[in-house]
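Listed below are the residues making up each chain.
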Amino acid sequence: MAINDNNTDSNKSQKQEEKDLPKVVIFLPPPVFSLIGEESFASNKFLFLKAYDSQLPLLQFLSTHSKSIKAILSSGGAAVNADILQLLPEVGLVVTTSAGLNQIDIPECRRRGIKIANAGNVYSDDVADLAVGLLIDVLRKVSASDRYVRQGFWATKGDYPLGSKLGGKRVGIVGLGNIGREVAKRLEAFGCFVSYNSRKKKPYVSYPFYQNVCELAANCDALIICCGLSDETHHMINKQVLSALGKEGVIVNVGRGPIIDEKEMLRCLVQGEIAGAGLDVFENEPDVPKEFFALDNVVLSPHRAVFTPESEKNLSQLVVGNLEAFLSNKPLLSEYVD
Ligand SMILES: O=CC(=O)O
């Protein structure tokens, strides 16, 4: 009995301590929770409030807890917009598990003095590896030859058509941030000629810079899209850019689907106006236009570039580190500065 009473007391005091901890709200479970387990995010400095576990509609849930929520843990799936932020006057940080920030209303955060922390460099190597992997796959027809062999065609129809060499190709990188720079490093090692487009010329690299993405495409054999999605980059890769890339040109997208006008790209692929595509992202995920499935010059990947067990483990440390730093008034580990 006494033990039970003690237990009850200690449960009560634990509950009280938890009640007093600053709260970090989560709208939707970030993929990392199911990939490596939520326990990697344990901290005695804050408590997660999971809006998705509540019966209440999101806005009502947020109003109920508005005074205790100090930070938001965001991921790609749920918008952090002005309607939400205005319900949470105590929020001072949005930390996101994604590399992309397109789900966050950045100007509204700035207006409210809310800091933003993103995935920093955690994903850069893995995304760069996949970008180069997709390019090699398209050029050397790896996935297509695999299908050819599995279907028994090697024995019945003979040799598969040759692929094309990566070394010596002129590759244009759109968006030379953390990921774009890792892609460039890898491509240099393969003997490619790298050039790039980004919002501003980067003073610390010597790759040729093209302010105009169409000019970049016209001077390249392949384009790799590594930039974020914004109003400026939405459908930036349009008919004009694809036609500048030309019949022999290959496009790889590890950024966001809507950066490319997908319908136009599909038309160019079907009509042979570009040579191939390696795509990790799509306009309407997870719906991928069926027409892609019939194209042997297209390699498809289900938005997996960032995810490896290694990157997710590093990510959990970064997220917890950012939240703890913020709650102790220390500098963030990966603050996003425009
Ligand atoms: O695409 C994934 C991400 O932005 O993290």
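Since the model is a prediction, treat every value here as computed from it, not as a measurement. Here the residue numbering is sequential within each chain, running from 1 through the sequence in written order. Reporting of local features is limited, given that this is a predicted model, to residues whose pLDDT is at least 70; pairs of side-chain atoms are given and counted only at 80 or more, and all residues count toward the totals for whole chains, interfaces and linings. Heavy atoms from the whole structure form the basis of all side-chain values; hydrogens and water molecules are not counted.

**Considerations on the overall build of the chain**
So, step 1. Secondary structure elements follow DSSP: runs of H or I no shorter than four residues count as helices, runs of E no shorter than two count as strands, and numbering proceeds from the N terminus. Secondary structure assignment for the chain yields 13 helices and 11 strands.
So, step 2. Dimensions along the principal axes, computed over C-alpha positions, put the chain at roughly 80 × 50 × 35 Å.
So, step 3. In this scheme, a residue with accessible area under 20% of its type's maximum is buried, one over 50% is exposed, and one in between is partly exposed, where area comes from a 1.4 Å probe on protein chains only. Put simply, the chain has 338 residues, and 46% of those count as buried.
So, step 4. Partitioning the contacts of the chain with sequence separation of at least 6, the portion at a separation of at least 24 is 61%.
So, step 5. Only the protein chains shown count as cover for residues, with accessible areas throughout obtained via the Shrake-Rupley method and a probe of 1.4 Å. Within the structure as shown, the chain displays about 17500 Å² of accessible surface, and the carbon and sulfur contribution to it stands at 52%. By definition in these notes, contact holds between two residues if any of their heavy atoms fall within 4.5 Å.

**Here we look at the sheet that holds strand β9 (residues 250-253)**
So, step 1. DSSP-based pairing: two strands are paired if at least 2 bridges between them are found. What the six strands build is an open sheet, ordered β7-β6-β8-β9-β10-β11; its pairing is parallel. Of all strands in the sheet, those with a lone pairing partner are β7 (193-197) and β11 (298-300), marking the two edges. Ignoring strand direction, the axes of neighbouring strands in this sheet form an average angle of 15°.
So, step 2. One ladder, built from four bridges, connects strand β6 (residues 170-174) with strand β8 (residues 222-225); its direction is parallel. Paired with G172 across the strands is L223, a residue of β8.
So, step 3. Strands in contact with helix α9 (residues 178-189) are β6, β7 and β8; relative to β6, the strand with the most contacts, it is inclined by about 170°.
So, step 4. Note on method: axes are straight lines fitted to C-alpha atoms, helices fitted across the in-contact stretch only, with angles between N-to-C directions ranging 0 to 180 degrees. Relative to strand β10 (residues 276-279), helix α12 (residues 262-270) is tilted by about 140°, and along the sheet it contacts β9, β10 and β11.

**Here we look at the domain arrangement of the chain**
So, step 1. For every domain, the bounds stem from an assignment made automatically or drawn from a database. For the chain, the domain assignment lists domain 1 (2-122 + 309-327) and domain 2 (124-300).
So, step 2. Just the C-alpha atoms count here: the centres of domain 1 and domain 2 sit 35 Å apart.
So, step 3. For the pair domain 1 and domain 2, the summed buried area comes to about 530 Å², and 35% of that belongs to carbon and sulfur atoms.
So, step 4. Salt bridge, as applied in this entry: a Lys or Arg side-chain nitrogen positioned within 4 Å of an Asp or Glu carboxyl oxygen. Where domain 1 packs against domain 2, one counts zero salt bridges.
So, step 5. Pairs of N or O atoms within 3.5 Å make up the polar contacts considered here, provided that, within protein, one atom can donate a hydrogen while the other can accept it, and that residues adjacent in sequence are counted only when both atoms are side-chain atoms. Counting the contacts that link domain 1 with domain 2 gives three residue pairs in polar contact (both at pLDDT 80 or more).
So, step 6. The residue classification treats Ala, Val, Leu, Ile, Met, Phe, Trp, Tyr, Cys and Pro as nonpolar and Asp, Glu, Lys and Arg as charged. All others, Gly included, are polar. Class assignment of the residues belonging to the side of domain 1 that touches domain 2 gives a composition of two nonpolar, six polar and no charged. Accessible area that two parts lose when put together, evaluated with a 1.4 Å probe and summed over both, is termed the buried area.

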